Amino acid sequence: MKDSAVEVQNLSVRFGDFTAVDSISFAVRRGEVFGFLGANGAGKTTTIRVLCGLLRPSAGYGSVAGVALDAGEMAIKARVGYMSQKFTLYDDLTVEENLSFIAGLRKLDPAVYAKRRDSILAFITFQRPLNALIRDLPGGIKQQVALAASILHDPEVVFLDEPTAGVTPAARSRFWALIRDLARQGKTIFVTTHYMDEAEQCDRIALMRAGQIVALDTPARLKAEVFPEQLFELEAVSPVHYGDMDGLRDHPDVAFFEPYGMRFHVALRKTVGGENLRRELASRFRVQAISPTLEDVFIRTVEGERR
Ligand code: ATP
């Protein structure tokens, strides 16, 4: 596909007998914000490591920014930026020292580096001295400097592995504004997150479970595809024990059941039995028809369908 920034066909990664990535295929368009979601250990980081040229796949093929995965590590690394899950800057070096060190690794010409540094720091609206130590920066600013470092060499595709883990909601929101800006500038963003409000901001999302991609679409279409039934929120009018809800959870006309505190999301099949059940529930709960959230989608697809 000509417009693909990332393309993967039947990609697998095995560690000994264990298959971490199990024959996945997908394509990411240029300029797209592509979310990669899954439970811990689903294979997201392993896939990213392959796409950044850090790990050779056991099977399958693909390309990143037009470079085949088997073209060699250096060819891929020149075109991708990578912000790994673990914090990637040196805490005891200054912002300038970190960036110039990375520029050196990337073999950037000093004049090109100075220009890129200034424009990227302006992009993230960095307002502190360049000689500030990384360890003295607030978490959200550190993440932004890490992002700056990952795009210093002007890559076409940027891989962000849980970039906002552990920062404040305000800093997460600011970081996502930067992600959207980068996409508007034509960069392709490949991002993993455990936050559903962030996933909601992706153009498309792939949901991964046990090494496989189990669903892939826009957030809106995923909700419609994963929930063909009508979803209701039940709110208990008096305290209920979860154990009392077992009958409902196991009811043949209940396609999905998930407690959220004292509220329950319940998908009822569009059957006569489902309609009768809805009437019966209305006598015990406040019942409201709702649209599924991405959290519902995640629970149903990634954590396994309840029924
Ligand atoms: P998380 O959200 O926790 O980062 P993930 O979806 O990124 O999870 P991966 O880090 O890709 O998951 O790991 C997928 C599986 O592969 C896990 O079971 C992990 O233990 C295993 N794995 C990863 N790297 C190796 C390795 N080098 N050797 C053996 N097993 C590995």
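No experiment lies behind these values; they were computed from the predicted model shown.

What follows deals with the nonpolar core. Grouped together as the largest cluster of nonpolar side chains are 53 residues, with contacts concentrated most on Val33, Ile124, Val145, Leu160, Ile189, Ile205 and Leu207. Looking at this core, the element that brings in the most residues is helix H6 (residues 169–184), giving 6 residues. Ranked by size, the runner-up nonpolar core spans 28 residues in total, among them Phe36, Ile76, Val157 and Phe159.

Moving on: the layout of surface pockets. Here the largest pocket is characterised by a volume of approximately 590 Å³. Lys77, Tyr82, Ile102, Leu105 and Arg106 are, among the 23 residues lining the largest pocket, the residues nearest its centre. Breaking the lining of the largest pocket down by element, the ones donating at least two residues are helix H2 (73–77), strand E6 (80–83), helix H3 (95–105) and helix H5 (139–150). Classifying every residue of the lining of the largest pocket by side-chain character gives 14 nonpolar, 6 polar and 3 charged. In this structure, the second largest pocket occupies an estimated 160 Å³ of space. Every residue lining the second largest pocket is counted, 14 residues in all, and those nearest its centre are Gly41, Ala42, Gly43, Lys44 and Thr45.

Rules used in this analysis
- Counting from 1, residues in each chain are numbered in the order their sequence is written.
- Reporting of local features is limited, given that this is a predicted model, to residues whose pLDDT is at least 70; pairs of side-chain atoms are given and counted only at 80 or more, and all residues count toward the totals for whole chains, interfaces and linings.
- To obtain the side-chain values, all non-hydrogen atoms of the structure were included, while hydrogens and water were left out.
- Nonpolar cores were defined as sets of buried Ala, Val, Leu, Ile, Met, Phe, Trp, Tyr and Cys residues, with membership established by side-chain atoms within 4.5 Å.
- Each residue is placed in one exposure class: buried if its accessible area under a 1.4 Å probe, protein chains only, is under 20% of its type's maximum, exposed if it is over 50%, and partly exposed if it falls in between.
- The helix and strand labels rest on DSSP assignments: H or I over at least four residues marks a helix, E over at least two residues marks a strand, and numbering proceeds from the N terminus.
- Detection works on a 1 Å grid of protein atoms alone, calling trapped sets that fit a 1.4 Å probe cavities and calling open sets with protein on both sides within 12 Å along at least five of seven lines pockets, with lining residues defined by an atom within 4 Å of a point.
- Grid points are joined across faces, edges and corners, and a volume is the space filled by probe spheres set on the points.
- Residues are sorted three ways: Asp, Glu, Lys and Arg are charged, Ala, Val, Leu, Ile, Met, Phe, Trp, Tyr, Cys and Pro are nonpolar, and all the rest, Gly among them, are polar.

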